[in-house]
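Structural characterization, general
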Amino acid sequence: MDVCEGDVEISVPGARDGAAEGAGDDVFYNPTQELNRDVTVAALDAYAEREPRASTYLDAMAASGIRGVRAAAAGFDVTCADVDPEAVALARENLERNGLDGAAVERDANAFLHDSETVFDVVDLDPFGTPIPFADAAFANARSLVCVTATDTAPLCGAHQRSGIRTYTTLPQNTEYHPEMGLRVLLSALIRTAARYDTAAVPILSHVTRHYARTYLQLDARATSADDLLADLGYVHHCEDCLRRTHERDLIAHPPDACDACGGDRLLTAGPIYLGPIADPAFARSVREYVTDGMGEAARARRLLDTVAAELDTPTHYDQHRLCKQWSRPAVGMDEFVDSLRDAGFSATRAHYSGTAFKTDATVTEIRDATGE
Ligand SMILES: C[S@@+](CC[C@H](N)C(=O)[O-])C[C@H]1O[C@@H](n2cnc3c(N)ncnc32)[C@H](O)[C@@H]1O
Ligand SMILES: [Zn+2]
């Protein structure tokens, strides 16, 4: 079956009766990831403006090649790699079909990254589930930017905690801000992996959408920069009784014995997680400018990027509905809610994690008082 995305038309395996696209032995294609790919293309355009020397792009898990083909159409010198020979043949066909240069190679991503004579400026990891098995090869061999998708949200956010500990060598906790917990656990592991190569992997754009987290990490190959970034790792101490949380940037955790706000002792500590900015607002705004009307998810991509660019840089968002339930109060419109925090003198913005997510520098007690009757 043929699919149009952005400026390209590609062949993908058709869905069989009763089977979801991407299921079974066919080459993988997931139409619900179009937003992810639209943002990828806009991010590559914005990155080429920021770093004009960045020209080579490795789609390390290419499947149909849809992402690599779209990157090639955006002007990158693309290589699509996959272990599945049928995927490689399809990616090659899809490059040719769109009149685009580019290579398609049947290689394991790790082996290829370590062997390749080309040092790729941009490496994109889009595996099934966790990207961690590929992170070392990417950070050891990419020159400038590493783009990462993770779809194993249950281990990341603490819902499957043992699995999260094994994969990410950190302690995730299941809280009401689980998409952000997952993103910050992922960033913690990626930043620590890059640091082993004396490299800072600085998040310049990240988002959590539906069932995946996506991040774009700009590499800075200086040990001192890696040290600076590691200083943004730390812990969140979360009170299950009143939902207060405190954030602690340190190598070791110092959890309080009891909650400062309610005195309760049902405290969860997560970490080391990444507590720094998940995006560079200027870059997010620039990516937004590169979203084109021809993209299938242009409206959602623009909304998402607007929210990410404006999002207050504080770790862990609140959810208005969860707080209102806690306080037995009716929920109100998000704009009204955020405005009442600002009127009370706090910084506050929506957060992209959900329609009822917001960020503020107010404590949970201050939020309750500022937004009450
Ligand atoms: C989620 S799909 C990629 C989807 C694609 N990037 C897109 O945007 O539609 C994951 C792909 O990784 C491939 N893969 C699995 N293990 C791999 C490995 N070790 N090296 C390279 N590719 C691998 C699979 O064959 C599959 O095609
Ligand atoms: Zn408490």
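Residues numbered from 1 in each chain as written. Chains lettered and ligands numbered in written order. Predicted model: local features only at pLDDT ≥ 70, side-chain atom pairs only at ≥ 80, totals over all residues. Heavy atoms only, no water.

As for the overall build of the protein
Of regular secondary structure, the protein possesses 14 helices and 15 strands. Computed over the C-alpha atoms, the radius of gyration of the protein is 21 Å, within 12% of the 21 Å expected from 2.2 N^0.38 for a compact globule of 373 residues. The principal-axis extent of the C-alpha atoms belonging to the protein is close to 65 × 40 × 40 Å. In the protein, which comprises 373 residues, the proportion classed as buried is 55%. Put simply, of all contacts in the protein between residues at least 6 apart along the chain, 63% involve residues at least 24 apart. (Helix = DSSP H or I, 4+ residues; strand = E, 2+ residues; numbered from the N terminus. Rg over C-alpha atoms; globule rule 2.2 N^0.38 Å. Buried < 20%, exposed > 50% of the residue type's maximum accessible area, 1.4 Å probe, protein only. Contact = heavy atoms within 4.5 Å.)

A few points about helix α3 (residues 85-97)
Taking 1.5 Å per residue as the helical rise, α3 with its 13 residues ought to reach 18 Å, and the 18 Å between its terminal C-alpha atoms agrees with that figure. Every buried residue of α3 is listed here: A87, V88, L90, A91, N94 and L95. Projection of α3 onto a plane perpendicular to its axis shows the buried side chains occupying an angular sector of 165°, all on one side. Those residues of α3 that are exposed and angled more than 90 degrees off the buried face are E86 and E96. Considering only its buried residues, α3 is in contact with β2 (8-11), α2 (66-73), β4 (77-82) and β5 (103-106). For α3, the N-terminal capping position is held by D84, with its side-chain oxygen 2.9 Å away from the main-chain nitrogen of E86. (Expected span 1.5 Å × (residues − 1). Arc of directions from axis to C-beta. Polar contact = N/O pair within 3.5 Å; in protein donor to acceptor, adjacent residues only side chain to side chain.)

Comments concerning the sheet that holds strand β3 (residues 56-59)
With mixed pairing, the 7 strands of this open sheet are ordered in space as β5-β4-β3-β6-β7-β9-β8. The two strands at the open ends of the sheet, each matched to only one other strand, are β5 and β8 (200-209). Across the sheet, the mean angle from the axis of one strand to that of its neighbour is 15°, orientation sign disregarded. The sheet contacts of helix α8 (residues 178-195) involve β7 (145-150), β8 and β9 (212-220), and relative to β8 the element is tilted by about 155°. (Pairing = 2+ DSSP bridges. Axes fitted to C-alpha atoms, helices over the stretch in contact; angles between N-to-C directions.)

What to know about the coordination of the zinc ion (ligand 2)
Here the zinc ion (ligand 2) is held by C239 (SG), C242 (SG), C259 (SG) and C262 (SG), and the distances to it run 2.3 Å. Classification of C262 as partly exposed rests on a relative accessible area of 39%. (Donors = N, O, S within 2.8 Å, 3.2 Å for Na, K, Ca; no water.)

A short note on the UniProt feature "binding site: Zn(2+)" (unreviewed entry) in the protein
As recorded in UniProt, the sites labelled "binding site: Zn(2+)" (unreviewed entry) are C239, C242, C259 and C262. The named residues occupy 24 residues along the chain; their greatest pairwise C-alpha distance, 8.7 Å, places them in one compact cluster. With respect to the secondary-structure elements, C239 resides in strand β10 (residues 233-239). In this structure C239 comes out as buried when scored by relative accessible area, which is 0%. Sequence-distant contacts of C239, that is, excluding residues within four places in its chain, are made with R244, C259, C262, R266 and L267. Positionally, C262 belongs in the loop between β11 (245-248) and β12 (267-274). (UniProt positions renumbered as here; feature names shortened; annotations may be inferred.)

A word on the domain arrangement of the protein
Taken domain by domain, the protein comprises domain 1 (2-310) and domain 2 (318-371). Using C-alpha coordinates to define each centre, domain 1 is positioned 28 Å away from domain 2. Facing 19 residues of domain 1, the contacting portion of domain 2 comprises 13 residues. Of the roughly 1200 Å² buried where domain 1 meets domain 2, counting both sides, 60% is carbon and sulfur surface. A salt bridge links E180 to K359; the nearest nitrogen and oxygen atoms lie 2.5 Å apart. Counting every contact that joins domain 1 to domain 2 gives 3 residue pairs in polar contact (both at pLDDT 80 or more). Mapped by element, the contributors of at least two residues to the side of domain 1 that touches domain 2 are α8, β8 and α11 (298-310). (Domains from an automatic or database assignment. Buried area = accessible area lost by both parts, 1.4 Å probe. Salt bridge = Lys/Arg side-chain N within 4 Å of Asp/Glu carboxyl O.)

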